[in-house]
Amino acid sequence: MSYNISEKGYYGEFGGAYIPEMLYPNVEELRQNYLKIMAEPSFQEEFHALLKDYVGRPTPLYFAKRLSEKYNTKIYLKREDLNHTGAHKINNTIGQILMAKRLGKNRIIAETGAGQHGVATATVCALMGIECIVYMGEIDIARQAPNVARMKMLGATVIPALSGSRTLKDATNEAIRDWINNPVDTHYIIGSVVGPHPYPDMVAKFQAVVSEEIKSQLLEKEGTENPDYLIACVGGGSNAAGTYYHYLDNEDVNIIAVEAAGLGVDSGESAATSVLGKEGIIHGSKTLLMQTNDGQITEPYSISAGLDYPGVGPMHANLYKTGRAEFIAITDKDAMTSGLELCKLEGIIPAIESSHALAVFEHKTFQPDDIVVLNLSGRGDKDLQNYIDYFKL
Ligand SMILES: Cc1ncc(COP(=O)(O)O)c(C=O)c1O
């Protein structure tokens, strides 16, 4: 059994492309071309050259000594926070902008929650001199103000999404609407492993550089490519997909996926999709989805703008359903505490999304000789105001 995508675009029973007819030509064009384009030597060369010299890859695999001592296990942090623009999101936007160029597109649209994907998209559009429009929920615009300013400085137009919970789901709806209206010249850079096939697979493949690097870095440091555990936070699931990618079918490696419990899984204010979700269709993909009994999407909540999405990528829905990954839900409070702990123990200020992953060490005991690799998906600069308000700094 493989946990990777099938030829038809499914992970087990999840995935596919459930799209309105008007979107079909765009998605089909991408589906027919993405693997071919990604396999071109010139594409790979350009992609890896930019990852190296522009993004700053490979990112370090850092042995966190003091954190390891505290939790009596061996903890390595994969430092995606050190990427240009401050998170893993840029790996995917570099890939997709090169894809868009080869498909002859001259206008880019994107959705963003925390703003990291919006910034990463605005960045690569500036790099390539291509027009960029970013949809962002009104609530997220308020709580991620520095990233909004960054996008504007980079030349992007930021359009607020005013419907629903005014967060990521609603921004995605607006972006899809735009794409339907601009089918020929526009490429939609989706920021996670969500959306209709081939997006979940394409984004996972661009992020797979993370686990590719973990393998060789761990071999060098520990004499083995395989950690005992991989840990990553899951919003839509792209940093997690990148962390797991090359280990999916290697069941010697345990996988832990961390979701946002918000105020608590049963509080009604949560974004723990796997526990609370049921099978449904969101943004073109069959997956686990938070919904009412009559199928209305439930508004998610998390202190972290990057994790409050009511769905999860189909790869992760399948990892949950099959039991391949262990899913742990972490509250706002526990995430914030663990984020601050990393500052004090290691001198690293993490993004609040990544802080959710860090909180696993308070919830699960590892053996002293376990090798645990945690993907530190982003840096905390964008969250400084939230940390200040929360801890009254
Ligand atoms: C730093 C960081 N980590 C994680 C995420 C969650 O996204 P994903 O699950 O696609 O990695 C985001 C989303 O904005 C983010 O900014």
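Residues numbered from 1 in each chain as written. Predicted model: local features only at pLDDT ≥ 70, side-chain atom pairs only at ≥ 80, totals over all residues. Heavy atoms only, no water.

- As recorded by an unreviewed UniProt entry, the chain carries the name Tryptophan synthase beta chain and is attributed to Winogradskyella echinorum.
- The record held by UniProt for the chain lists under Subunit (unreviewed entry) the comment "Tetramer of two alpha and two beta chains."
- Entered under Cofactor (unreviewed entry) in the UniProt record, the comment concerning the chain runs "pyridoxal 5'-phosphate". (UniProt positions renumbered as here; feature names shortened; annotations may be inferred.)

**Observations concerning the pairing of strand β14 (residues 371-376)**
Here is step 1: Along β14, six of the six residues are buried, which leaves the element largely enclosed by surrounding structure.
Here is step 2: Note: strand β4 (residues 74-79) against β14, six bridges, orientation parallel. Among the inter-strand pairings, Lys-78 is bridged to a residue of β14, identified as Asn-375. (Buried < 20%, exposed > 50% of the residue type's maximum accessible area, 1.4 Å probe, protein only. Helix = DSSP H or I, 4+ residues; strand = E, 2+ residues; numbered from the N terminus. Pairing = 2+ DSSP bridges.)

**Focus on the packing of aromatic side chains**
Both the distance between ring centres and the angle between the ring planes are used here to describe each pair of aromatic rings.
Here is step 1: Applying the stated criterion across every chain, the model contains 12 aromatic pairs.
Here is step 2: A ring pair is formed by Tyr-229 and Phe-366, whose centres lie 4.8 Å apart and whose planes are at 80°; its orientation type is edge-to-face. Residue Tyr-229 is found in strand β9 (residues 229-233), and its partner Phe-366 is found in the loop between α16 (360-363) and β14; the two are separated by 137 residues along the sequence.
Here is step 3: A relative accessible area of 16% places Tyr-229 in the buried class.
Here is step 4: Among the residues examined, Phe-366 registers a relative accessible area of 5% and is labelled buried.
Here is step 5: Lying across the ring of Tyr-247, Lys-215 places its NZ or CZ 5.8 Å from the centre.
Here is step 6: Just above the ring of Tyr-3 sits the side chain of Arg-324; from NZ or CZ to the centre is 5.8 Å. (Phe/Tyr/Trp six-rings, centres within 6.5 Å; stacked < 30°, edge-to-face > 60°. Lys NZ or Arg CZ within 6 Å of the ring centre and 35° of its normal.)

**Overview of the sheet that holds strand β6 (residues 131-137)**
Here is step 1: With respect to topology, four strands assemble into an open sheet ordered β7-β6-β5-β8, the strand pairing being parallel. Across the chains shown, the open sheet's two edge strands, defined by having one partner strand only, are β7 (157-161) and β8 (186-189). The mean inter-strand angle of the sheet, taken between neighbouring strand axes irrespective of direction, is 25°.
Here is step 2: As paired strands, β6 and β7 are joined by five bridges and run parallel to one another. Of the residues in β7, the one forming a bridge with Gly-137 is Ala-161.
Here is step 3: The strands that helix α5 (residues 116-128) touches are β5 (107-112), β6 and β8; relative to β5, the one it contacts most, it runs at about 165°. (Axes fitted to C-alpha atoms, helices over the stretch in contact; angles between N-to-C directions. Contact = heavy atoms within 4.5 Å.)

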